[in-house]
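Coordinate analysis (summary)
Chain by chain, the residues:
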Amino acid sequence: LVCIPLLALLIIYTICRFCFWIFNPALFSSTPFVDIWHAFSLGFFYDSAILILLHAPLILLMLFVIDPGPRLRTFLNRFTTIYILIVDIPMMFVAFSDIAYFPFTGKRSTLAVAAFGGDMKQQLVQLSLQFWYLWVIGLATLVFLIVALRLAVFSKDFRKNMTWPKQLASNFI
């Protein structure tokens, strides 16, 4: 139940890192590709560690629930979906915001951004219009996450009607 969404989140954060690289070429113009590849590799491991820490309650819960009945399974599906959406949508928003925000400030978004007040609100609208394509990419990754959640929630129902080779293969996907 948790593996498919976590894998989807790893893909999403890799997409965010790729977009940061693509949409900020001036920042990386003198950086050798080997160093960029190395940064992507380290970023993947960093994202993996952060996702495991952020989703530790879900991972631990799933380790202790072996064969839930229909009621508990429904509760776990809803709890997992809500937990992932509450935790990860803001993280995704910040990751995509940094793509546009970093070139102007030279630093990543922090809670200090929220303290800017009225001036930041005016700039937010302006930046949202200027970087409209980030909204499109962000919405596409959100749809990808929701599809992964639906697949994870209903994966047992899908496996019920499969032959044993397909069931075996689906355990590794």
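Here's what I pulled together on the structure shown here. (Residues numbered from 1 in each chain as written. Predicted model: local features only at pLDDT ≥ 70, side-chain atom pairs only at ≥ 80, totals over all residues. Heavy atoms only, no water.)

**Section: the nonpolar core**
Judged by nonpolar contacts, the single largest core of 23 residues is most densely connected at Leu9 and Leu145. Secondary structure elements with two or more residues in this core: helix H1 (3–23), helix H4 (70–105) and helix H6 (132–153). If sequence neighbours within four positions are ignored, Leu9 has contacts with Leu51, His55, Ile84, Asp88, Met92 and Leu145. (Core = buried A, V, L, I, M, F, W, Y, C linked by side-chain atoms within 4.5 Å. Buried < 20%, exposed > 50% of the residue type's maximum accessible area, 1.4 Å probe, protein only. Helix = DSSP H or I, 4+ residues; strand = E, 2+ residues; numbered from the N terminus. Contact = heavy atoms within 4.5 Å.)

**Here we look at H1**
Between its first and last C-alpha atoms H1 spans 30 Å; for 21 residues at 1.5 Å apiece the expected length is 30 Å, and the two agree. Taken together, the buried positions of H1 are Pro5, Leu6, Ala8, Leu9, Leu10, Ile12, Tyr13, Cys16, Cys19 and Phe20. (Expected span 1.5 Å × (residues − 1).)

**Some remarks on the environment of Pro68**
Locating Pro68 in the fold gives a position in the loop between helix H3 (56–64) and H4. By relative accessible area, which is 17% here, Pro68 ends up buried. Pro68 has contacts with Arg73 and Leu76, leaving out every residue within four places of it along the chain.

**Brief notes about a nonpolar patch on the surface**
Taken together, the side chains of Leu7, Ile11, Ile15 and Phe144 present a nonpolar region at the surface, about 310 Å² in accessible area. The element contributing the most residues to the nonpolar patch is H1, with three residues. Since its relative accessible area comes to 30%, Ile15 is described here as partly exposed. (Patch = residues over 30% accessible without salt bridge, like charges linked within 9 Å, V, L, I, M, F, W, Y side chains within 5 Å. Areas by Shrake-Rupley, 256 points an atom, 1.4 Å probe, with all protein chains shown as cover. Salt bridge = Lys/Arg side-chain N within 4 Å of Asp/Glu carboxyl O.)

**Describing the packing of H1 against H4**
Running from N to C, H1 and H4 cross one another at 10°; their axes reach a closest spacing of 9 Å. Classed by the angle they form, the pair H1 and H4 counts as roughly parallel. Where H1 approaches H4, its residues Pro5, Leu9, Ile12, Tyr13, Cys16, Cys19, Phe20 and Phe23 are matched on the opposing element by Ile84, Asp88, Met91, Met92, Ala95, Phe96, Asp98, Ile99 and Phe102. (Axes fitted to C-alpha atoms, helices over the stretch in contact; angles between N-to-C directions. Parallel < 35°, antiparallel > 145°, perpendicular 65-115°, else oblique.)

**Observations concerning the pattern of salt bridges**
Counting across every chain of the model gives one salt bridge. With a shortest N-O distance of 2.9 Å, Arg17 and Asp47 are connected by a salt bridge. Of this pair, Arg17 sits in helix H1 while Asp47 sits in helix H2 (residues 33–54), and the two are 30 residues apart along the sequence.

**Some details on the packing of aromatic side chains**
Under the definition given, this model contains eleven aromatic pairs. With a centroid separation of 4.8 Å and an interplanar angle of 40°, the aromatic rings of Phe23 and Tyr133 are classed as tilted. With Phe23 in helix H1 and Tyr133 in helix H6, this residue pair connects regions lying 110 residues apart in the sequence. Taking relative accessible area as the criterion, Phe23 reaches 32% and is therefore assigned partly exposed. The partly exposed category is assigned to Tyr133, whose relative accessible area is 24%. Seen in terms of ring centroids, Phe93 and Trp135 are 6.0 Å apart; in terms of plane orientation they differ by 50°. Their pairing is tilted. Of this pair, Phe93 sits in helix H4 while Trp135 sits in helix H6; the two residues are 42 residues apart in sequence, bridging distant segments of the chain. Overall, Trp135 belongs to the partly exposed group, its relative accessible area being 43%. Three or more aromatic residues joined by ring pairs form one cluster here, namely Phe18, Trp21, Phe33 and Phe40. (Phe/Tyr/Trp six-rings, centres within 6.5 Å; stacked < 30°, edge-to-face > 60°.)

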